[in-house]
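If you want the building blocks of each chain, they are given just below.
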Amino acid sequence: MVLVNSNYLKLKAGYLFPEISRRVQAFSTAHPGDAQLIRLGIGDVTEPLPAACCEAMTRAVEEMGTREGFHGYGPEQGYDWLREAIAANDYRSRGCDVSAEEIFISDGSKCDSSNILDILGEGNRIAITDPVYPVYVDTNVMAGHTGEVDASGRYGGLTYLPLDAENGFEAPLPGEKLDLIYLCFPNNPTGAVASRDQLKRWVDYALANDALICFDAAYEAFIQDAALPRSIYDIEGARQCAIELRSFSKNAGFTGIRCAFAVVPRGLKGRASDGSAVELRTLWKRRQSTKFNGVSYVVQRGAEAVYSEPGKAQIRALISFYMDNAAIIRRALTAQGLTVFGGEHAPYVWLRTPAGLDSWGFFDLLLHQAHVVGTPGSGFGAAGEGYFRLSAFNSRANVENAMARIARCDFAGSAAA
């Protein structure tokens, strides 16, 4: 009988979102005649793709139907014209020293944050924030980089950096030497942003400790304050210690189209088992050319259109729409007497659950009383217990309807029960 990867058996009973789906399905089966559910849980977009992207992909499909315009296998790293557009618009326009050769087009930041482990060795001391996007943890479990899970849901071998209201959702610098640090700003799930000083402290720590920062900037387009950093490469020295992940999923609505990219700077190095220095970009390029066939020509043309003048205007309108949704959620929950965080530079609103209710208890309350689906904070880590995430990714009508339903919930009565 074939041997399995036993590390998968260490995973907790259910990945967060499948567990949400299971509970929602059980509710729907038991209450088939109840009002339609409104889902403010998973961060999937709802609005149509920008017209500029659709038009570009339509032209690309038409090209593919001609002998002259047909494209087969593309370059695994991505087409030059898309990588150059990214470098020029997302980095050089901000004074960041990032070239097209350092950009790798992919099918998602979720994939990149997992696949990057392919080029990293065993025995790295790994830190994550808590709460955290579950993929960072689970993929390290799958790769055998952790011990067993304890009663609180924490895995042995990982260093957990708490994010909570008491520390302003600012991850504390660790007191010990670490090798790999996952940072996500604007943060999923808390919606917190990092200041320039905060990121500089992390870059200084990484440089002093020869550590690598895996910086997930999937939500950078939602930052509303121009003074806040949009990239880890806004910070001097970051090229020597950081990989950055970005995505077209949330800013351009590409969740169903799939296009993202990783930046792996030239000169960024790791250490081989014999102690010699090895360039990570070279390893990543080899990994991608071996295990990945690239993002389709049609999709990359759609992503390129994000940087056209019409595309930029349409992206701004999309982001404004979702951030207006976030403002509606913040106002409504605050009016209910709830303590609310996030939702100002990110499409997620993070709130304290009412007294007497834990995260899953509040999930069940909203599901049963309001027919609204959110995300329990404990699903993002032990430090997320007592918090809850609502997503602004939905139609305006659904957001307003959901807030009206939540306004009728009996938090005190349910907590007492």
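Residues numbered from 1 in each chain as written. Predicted model: local features only at pLDDT ≥ 70, side-chain atom pairs only at ≥ 80, totals over all residues. Heavy atoms only, no water.

Help me understand the UniProt feature "modified residue: N6-(pyridoxal phosphate)lysine" (unreviewed entry) in the chain, please; the structure alone is not making it clear to me.
As annotated by UniProt and renumbered to match this structure, "modified residue: N6-(pyridoxal phosphate)lysine" (unreviewed entry) occupies Lys250. Those residues in contact with Lys250, other than ones at most four positions away along the chain, are Gly43, Val45, Tyr219, Phe222, Thr255, Tyr348 and Phe393. Only 2.8 Å separates the side chain of Lys250 from the side chain of Tyr219, close enough to count as a polar contact. (UniProt positions renumbered as here; feature names shortened; annotations may be inferred. Contact = heavy atoms within 4.5 Å. Polar contact = N/O pair within 3.5 Å; in protein donor to acceptor, adjacent residues only side chain to side chain.)

What exactly am I supposed to notice about the pattern of salt bridges here?
Side-chain pairs of opposite charge can arise whenever the charged atoms involved come near each other. Under the counting rule described, the total for this entry stands at 23 salt bridges. In this structure, Asp364 engages Arg23 in a salt bridge whose closest nitrogen and oxygen atoms are separated by 3.2 Å. Residue Asp364 is found in helix H10 (residues 359–370), and its partner Arg23 is found in helix H1 (residues 16–30); the two are separated by 341 residues along the sequence. For Asp364, a relative accessible area of 27% puts it in the partly exposed group. When its relative accessible area of 22% is taken as the criterion, Arg23 is described as partly exposed. In this structure, Arg239 and Asp97 form a salt bridge, with 3.9 Å as the shortest nitrogen-oxygen distance. Linking Arg239 in the loop between strand S6 (212–216) and strand S7 (242–247) with Asp97 in the loop between helix H3 (80–91) and strand S2 (103–106), this pair joins segments that are 142 residues apart in sequence. Judged by relative accessible area, which is 54%, Asp97 ranks as exposed. Salt bridges sharing common partners tie together Asp90, Glu220, Arg230, Glu244 and Arg246. (Salt bridge = Lys/Arg side-chain N within 4 Å of Asp/Glu carboxyl O. Helix = DSSP H or I, 4+ residues; strand = E, 2+ residues; numbered from the N terminus. Buried < 20%, exposed > 50% of the residue type's maximum accessible area, 1.4 Å probe, protein only.)

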